[in-house]
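One letter stands for each residue in the lines below.
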Amino acid sequence: MSQPSTPVKVTVTGAAGQIGYALLFRIASGQMLGPDTPVELNLLEITPALKAAEGTAMELDDCAFPLLRGINITDDATKAFDGVNVALLVGARPRSAGMERGDLLEANGGIFKPQGEAINAGAADDVKVLVVGNPANTNALIAQSHAPDVPAGRFTAMTRLDHNRALAQAAAKLDIGVDEISKMTIWGNHSASQYPDLFHAMADGKSIASQVDQDWLENTFIPTVAKRGAAIIEARGASSAASAANAAIDHVATWVQGTPEGDWTSAAVVSDGSYGVPEGLISSFPVTSDGTEWSIVQGLDIDEFSRGKIDASVAELGEERDAVKQLGLV
Ligand SMILES: NC(=O)c1ccc[n+]([C@@H]2O[C@H](COP(=O)([O-])OP(=O)(O)OC[C@H]3O[C@@H](n4cnc5c(N)ncnc54)[C@H](O)[C@@H]3O)[C@@H](O)[C@H]2O)c1
Ligand SMILES: O=C(O)C[C@H](O)C(=O)O
């Protein structure tokens, strides 16, 4: 069977970083967009990291991936996002010793504002954006607010890693396979305040919350999932990379393929006010995709315990938005 001739343009920022290294080979091999979709990769890096990006590109060549139709390496966001169909914004400024939260938000504003502007100026009409670089939700908000011509729903931030972590922890507790669990949800921010929800997650036809004790749910499950990123950093001496790249692949694959009937996933999307999350915040929700657009799952009952947890994480997102507003970044 002949392949479609026009490759999908995929831009990866921070391409020479650890997540970039775990991500690019999987995109080029077809694991993100499928075995029939050729891709062209744009690698965006800061100038000092261009040489390392070239090394990664040499290795990509050496894999002789049949679907990989071209690699462009640049430190110019305008070039990197020209005609882009899928933009994975991974590169971000990490917090260094002595850096205040405001400094971190400002430093990231210096990255995500021009990238949002470049996406606005040059991206393809169907562009889909996933922000991975932390603080992911607020970085996505900054980029989205500088891309007024792109539908807001095309900007998303990654909570699929948290979702996958929640699946793994719940499956281990129930001694079942992760594929026996449906309707897992991460609510709120990709931070320690996030709320992994077992009240709507289902296994064996019943809510998982009804199959575990409340003490485990509150004092083991939630903190284990919410603080997993810090635990990986503590153990590895570096933040999660392969699992983060895997989650980015999952996020985009689900976006373009659609969610299976009767299930949903988690993604941080622009709030339309659902579940009391202020409109415009980029917050994680239970979402479905029809292969083109994400929709927030409607009509779930939220009990008092869940309400408190969702509100706390959303309040943190509101504070981040206020801080970047004060800095003139949104
Ligand atoms: N959302 C999530 O679930 C999740 C999970 C893991 C990591 N992260 C975040 O992902 C980000 C990347 O992690 P990593 O381990 O790959 O970091 P890394 O430090 O290994 O790589 C980051 C890369 O980004 C590049 N970069 C910096 N500024 C850039 C810019 N303006 N344009 C293009 N590239 C730029 C750097 O040169 C570097 O190569 C971090 O912010 C990390 O906290 C998010
Ligand atoms: O990079 C981090 O701070 C942690 C990362 O977001 C993760 O969840 O693994």
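The shown structure was predicted, so the numbers you read here are calculated from the model rather than taken from an experiment.

Chemist: Even after reading the chapter, I still don't get the UniProt feature "domain: Lactate/malate dehydrogenase C-terminal" (unreviewed entry) in the chain, so can you show me in this structure?
Modeler: UniProt feature "domain: Lactate/malate dehydrogenase C-terminal" (unreviewed entry): in the numbering of this structure it lies at residues 159-325. Annotation note: span residues 159-325, helix share 45%, strand share 17%, distance between end C-alpha atoms 23 Å.

Chemist: How should the site of ligand 1 be read in this particular structure?
Modeler: Lining the immediate environment of ligand 1, one finds 23 residues, of which Gln 18, Ile 19, Glu 45, Val 132 and Asn 134 sit closest. Here Met 158 contributes a backbone N or O atom positioned 3.5 Å from a nitrogen atom of ligand 1. Between ligand 1 and the protein, one listed contact pairs an oxygen atom with a side-chain N or O atom of His 190 at 3.2 Å. Summarising the interface, the protein chains cover 81% of the accessible area of ligand 1, which totals 870 Å² for the free molecule. Counting residues per element, the ones that place at least two in the shell around ligand 1 are helix H1 (18-28) and helix H4 (101-122).

Chemist: Sorry if this is basic, but what is going on with the domain arrangement of the chain here?
Modeler: Buried accessible area, meaning the area lost when the parts come together, often serves as the stated size of an interface. As far as domains go, the chain holds domain 1 (8-157) and domain 2 (159-325). Using C-alpha coordinates to define each centre, domain 1 is positioned 23 Å away from domain 2. On the side of domain 2, 38 residues touch domain 1, which itself brings 31 residues to the contact. Taken over both partners, the interface formed by domain 1 and domain 2 buries close to 2600 Å², and the fraction arising from carbon and sulfur atoms is 67%. When the area that domain 1 buries against domain 2 is broken down by residue, the three leading residues are Gln 18, Lys 128 and Asn 137, summing to 23%. Where domain 1 touches domain 2, the interface holds zero salt bridges. Our count for the domain 1 to domain 2 interface comes out at 10 residue pairs in polar contact (both at pLDDT 80 or more). Secondary structure elements with two or more residues in the side of domain 1 that touches domain 2: H1, strand S4 (86-89), H4, strand S5 (128-131), helix H5 (136-145) and strand S6 (155-157). For the side of domain 1 that touches domain 2, a count of residues per class yields 19 nonpolar, eight polar and four charged.

About the criteria used
- All residue numbers refer to positions counted from 1 along the written sequence of the respective chain.
- Lettering for chains starts from A, numbering for ligands starts from 1, and both go in the order in which the items are written.
- Residue-level local features of this predicted model are given only where pLDDT is at least 70; pairs of side-chain atoms are given and counted only at 80 or more, and the full residue set underlies all totals for whole chains, interfaces and linings.
- Side-chain numbers here rest on the full set of heavy atoms in the structure, without hydrogens or water.
- UniProt positions are given in the numbering used here, feature names are shortened, and annotations may be inferred rather than shown by experiment.
- Where helices and strands are cited, they refer to DSSP runs of H or I of at least four residues and of E of at least two residues respectively, numbered from the N terminus.
- The near set for a molecule or strand comprises every residue that places at least one heavy atom within 4 Å of it.
- N or O atoms closer than or at 3.5 Å make up a polar contact, with two conditions inside protein: a donor-capable atom paired with an acceptor-capable one, and, for residues adjacent in sequence, both atoms drawn from side chains.
- Only the protein chains shown count as cover for residues, and all accessible areas are computed by the Shrake-Rupley method using a 1.4 Å probe.
- Domain boundaries shown here were taken from an automatic or database domain assignment.
- Note on contacts: a residue pair is in contact if any heavy atoms of the two residues lie within 4.5 Å.
- Two parts placed together each lose some accessible area under a 1.4 Å probe, and adding up what both lose gives the buried area.
- The working definition used for a salt bridge is a side-chain nitrogen of Lys or Arg within 4 Å of a carboxyl oxygen of Asp or Glu.
- Gly is placed with the polar residues, together with every amino acid not listed as nonpolar (Ala, Val, Leu, Ile, Met, Phe, Trp, Tyr, Cys and Pro) or charged (Asp, Glu, Lys and Arg).

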